[in-house]
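# Observations on the model geometry
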Amino acid sequence: QTKKKMTKTLPRVTILATGGTIAGAGESATKAAYTAGKLSIDILLSAVPQIHDKAQIKGEQIAKIGSQDMSVEVWLKLSKRINEIFEEDSADAIVITHGTDTMEETATFLDLTALSDKPVVLVGAMRASTAMSQDGNKNLLDAVIVAADPNSQGKGVVVAMNELVFDGRDVTKTITTSTSTFDSRNFGPIGLIYDGKVNYYYQSLRNPVKKFDVTKATSLPQVEIIYGYADASPVTVDALLNTNVKGIVYAGMGNGNFNAAVGNSLEKASKKGIIVCRSNRTGSGRTTLFNEVDDAALGFVVGDDLNPQKARILLMLSLMETSDRAKIQTNFFDY
Ligand SMILES: NC(=O)C[C@H](N)C(=O)O
């Protein structure tokens, strides 16, 4: 009898590139200045040949932007492409290269709209590809390792940065310039990457029971964020009253509090049918119902532990389906 050689087939990982500092290039290894999103996917992949030992890799360019220019248009394109790839079964997992500035928003958006249970991993860099000790190559290799690991299935969209894995729902950028910028302030990382392997320690119980199908959407209802601060004037809220804005996320003081002047205007907005969602500017913790604010009387909802930029994503998606405040509040408590 001939011994059959056992060849393990590597998982198929498609890398969707959107730009960011991971694809950034500057003039010298020691200067901080650079332009984000300059390098194409082919150059990114050729810089890390080790990824081919971990997975069968395909690359696609979705956008070439600094993530400060991320938009609903690109989110919809990304989400549709992810659903299509898994639907046609052309990959087992997806890695998305992305700028770090708005990675947390994209993570939340995709977590709520990627319909499959298969791994979707976001990755970026804090130092441009041309910088000394650039972090992009190692982060990309780690992201492929995470994507290729069967244990990454069913975790929702995750972010792999700086040898840590975060739940996309919770992750946030916490430091303007450091490579250790990503954190989940309430809950910490769910996994650690080391020596070519990911180990998971925790898993969120709040991964979406409900997904939003945006495969046919071409836009989302407009939602703006208003920042709260001492002695704020009502002009920013008032400016939204006669516009097409369907929702306001209020990044309130403490547990989502507002001063009287802003509160009056938020109440006016609510009475006009604009959904007002209280979040907060503290950077961690929950925004809770009925603390110092009578949400029932004002018709407000609260964002629970989502920061304002994440609450905005869930509010846009919710408003796509309903303007019923109770249902929208349930979405925030379920997610
Ligand atoms: N580190 C980075 O990726 C920052 C860059 N502005 C971006 O978000 O695209």
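Residues numbered from 1 in each chain as written. Predicted model: local features only at pLDDT ≥ 70, side-chain atom pairs only at ≥ 80, totals over all residues.

## Points about the site of the ligand
We count it as follows: Throughout this description, a residue near a molecule or strand is one whose C-beta atom, derived from the backbone, lies within 6 Å of it. Polar here means any residue outside two lists: the nonpolar Ala, Val, Leu, Ile, Met, Phe, Trp, Tyr, Cys and Pro, and the charged Asp, Glu, Lys and Arg; Gly therefore counts as polar.
Near the ligand, the surroundings consist of Gly-20, Thr-21, Ala-36, Gly-66, Ser-67, Gln-68, Gly-99, Thr-100, Asp-101, Gly-124 and Met-126. When grouped by side-chain class, the residues that make up the shell around the ligand number 2 nonpolar, 8 polar and 1 charged.

## Observations regarding unusual backbone geometry
Selection criterion: Each helix corresponds to a stretch of at least 4 residues labelled H or I by DSSP, and each strand to a stretch of at least 2 residues labelled E; elements are numbered beginning at the N terminus. Around each residue's C-beta, the other C-beta atoms within 10 Å are counted; 20 or more make the residue buried, 12 or fewer make it exposed, and counts in between make it partly exposed. All C-beta atoms are placed from the backbone.
Despite not being glycine, Asp-89 has its phi angle at roughly 55°, a positive value. Inspection of the secondary structure puts Asp-89 in the loop between helix H2 (72-87) and strand S3 (93-97). Here Asp-89 falls in the exposed class, since 10 other C-beta atoms lie within 10 Å of it. A positive phi angle, near 65°, is found at Glu-163, a position not held by glycine. Residue placement: Glu-163 occurs in the loop between strand S5 (157-161) and strand S6 (164-167).

## Quick word on the domain arrangement of the chain
Filter applied, for reference: All domain edges in this entry derive from an automatic or database-based domain assignment. Two residues qualify as a contact pair if the distance between their C-beta atoms, derived from the backbone, is within 7 Å.
We note that the domain assignment places domain 1 (12-200) and domain 2 (223-329) within the chain. One C-alpha centre belongs to domain 1, the other to domain 2; they are set 30 Å apart. Listed by partner, the interface residues are 8 residues for domain 1 and 10 residues for domain 2. Taken together, the residues of the side of domain 1 that touches domain 2 break down into 2 nonpolar, 3 polar and 3 charged.

## As for the UniProt feature "domain: L-asparaginase N-terminal" (unreviewed entry) in the chain
Cut-off, in case you're wondering: UniProt positions are given in the numbering used here, feature names are shortened, and annotations may be inferred rather than shown by experiment.
The positions that UniProt labels "domain: L-asparaginase N-terminal" (unreviewed entry) are, in the present scheme, residues 12-204. The span residues 12-204 is 24% helical and 25% strand by assignment, and the distance between its end C-alpha atoms comes to 26 Å.

## Here we look at the packing of helix H3 (residues 103-113) against helix H8 (residues 308-321)
Using the following cut-off: Only the stretch in contact is used when a helix axis is fitted, and all axes are lines through C-alpha atoms; the angle between N-to-C directions ranges over 0 to 180 degrees. An angle below 35 degrees is treated as roughly parallel, one above 145 as roughly antiparallel, one from 65 to 115 as roughly perpendicular, and anything else as oblique. Rotating anticlockwise by less than a right angle from the far helix to the near helix defines a left-handed crossing, while the corresponding clockwise rotation defines a right-handed one.
Contact pair H3 / H8: the axes reach a minimum separation of 9 Å and the direction vectors enclose 30°. With respect to H8, the element H3 is oriented roughly parallel. Considering how the two elements wind past one another, H3 and H8 form a crossing that is right-handed. Packed against H3, whose contacting residues are Glu-104, Glu-105, Thr-108, Phe-109 and Leu-112, the element H8 presents Gln-309, Lys-310, Ile-313, Leu-314 and Leu-317 at the interface. For the contact of H3 with H8, a count of residues per class yields 5 nonpolar, 2 polar and 3 charged.

## A look at helix H4 (residues 136-148)
Counted only if it meets this: A helix's residues, less one, multiplied by 1.5 Å, set its expected span.
A rise of 1.5 Å per residue sets the reference length of H4, with its 13 residues, at 18 Å; its end C-alpha atoms lie 18 Å apart and thus fit the reference within 8%. In terms of residue burial, H4 counts as a mostly covered element, since 11 of its 13 residues are buried. If you check which residues of H4 are buried, you get Gly-136, Asn-139, Leu-140, Leu-141, Asp-142, Ala-143, Val-144, Ile-145, Val-146, Ala-147 and Ala-148.

## A closer look at the pairing of strand S1 (residues 12-19)
Going by this rule: In this scheme, strands are said to pair when DSSP sees at least two bridges between them. With its strands directed away from the observer, a crossover is right-handed exactly when the path from the first strand over the helix to the second travels clockwise.
Here S1 lies mainly inside the structure; 7 of its 8 residues are buried. Here S1 runs beside strand S2 (residues 56-65); their pairing, made up of 7 bridges, is parallel. Opposite Ala-17, over in S2, you have Gln-61 as the bridge partner. In this fold, S1 hands off to helix H1 (residues 41-46), which returns the chain to S2; that crossover is right-handed. Bridge analysis of S1 against S3 gives 5 bridges, and the strand direction is parallel. Looking across to S3, one finds that Thr-14 is bridged to Ile-94.

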